[in-house]
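These are the residues of each chain, in order.
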Amino acid sequence: MSRLKDSRFDGYLGHALPHKRDAVVDAVITSYLEAAGPAGQRAIDDLNTRSASVLSVYGQRMASAAVRTGSVDTLRRGLVAVGMAQARLGDARENLYPLVALNDAASLLGTSLLSLITEVSDSLPPSATDELRAFDQRQEQDKSLESMGLRRLGSGQTFLYS
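Reading the values: rules and limits
- Residues numbered from 1 in each chain as written.
- Predicted model: local features only at pLDDT ≥ 70, side-chain atom pairs only at ≥ 80, totals over all residues.
- Heavy atoms only, no water.
- Helix = DSSP H or I, 4+ residues; strand = E, 2+ residues; numbered from the N terminus.
- Salt bridge = Lys/Arg side-chain N within 4 Å of Asp/Glu carboxyl O.
- Buried < 20%, exposed > 50% of the residue type's maximum accessible area, 1.4 Å probe, protein only.

Details of the environment of Glu146
Working step 1: Tracing the backbone shows Glu146 in the loop between helix H7 (126-136) and strand S1 (152-153).
Working step 2: Separated by 46 residues in the primary sequence, Glu146 and Val100 have C-alpha atoms spaced 9.2 Å apart.

Below is the structure:
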């Protein structure tokens, strides 16, 4: 987790997609998913607001990457990152942008955010899963791209939530 606290992640959302920093975050997600119970919780406990923000941004970046590649697995990984970050963000509303993007990407890929939440729920703390489910229960207009001022840009390999 300490790798995510590095200042090299400044401006991460605006970096080209894909970027070498995505691989760093992806390695953290892999390590977390491979950790058993208490070790996974220790990883979350080690997050600070900076590293949690990096995970949140990764979630939004993976929504774009998933649409580009048609990969539901990429969406799952983005959702795990957002779930890991949930309790450690300075303001939990930071996760609204990636959740809106993940929700939209899920629909574009023929699945649902609820289905993805169910698939990753065993990997996340119950409180994070509860908050993700609460987001999914919002009215459609309250979890739309427009509600967060996001939009889809480009198509194919240039697709991006911005």
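Don't stop here, the text continues.
Looking at the pattern of salt bridges
Working step 1: The full count for this structure, using the stated rule, is 12 salt bridges.
Working step 2: In this structure, the salt-bridge partner of Arg88 is Asp45, at a minimum N-O distance of 2.8 Å. Pair noted here: Arg88 is in the loop between helix H4 (72-85) and helix H5 (96-108) and Asp45 is in helix H2 (residues 37-45), with a separation of 43 residues, a long-range link.
Working step 3: A salt bridge links Glu119 to Arg76, with the shortest nitrogen-to-oxygen separation between them at 2.2 Å. With Glu119 in helix H6 (residues 113-120) and Arg76 in helix H4, the pair connects residues that are 43 residues apart, well separated along the chain.
Working step 4: A residue is classified by how much of its surface remains accessible, and Arg76, at 25% relative accessible area, is partly exposed.

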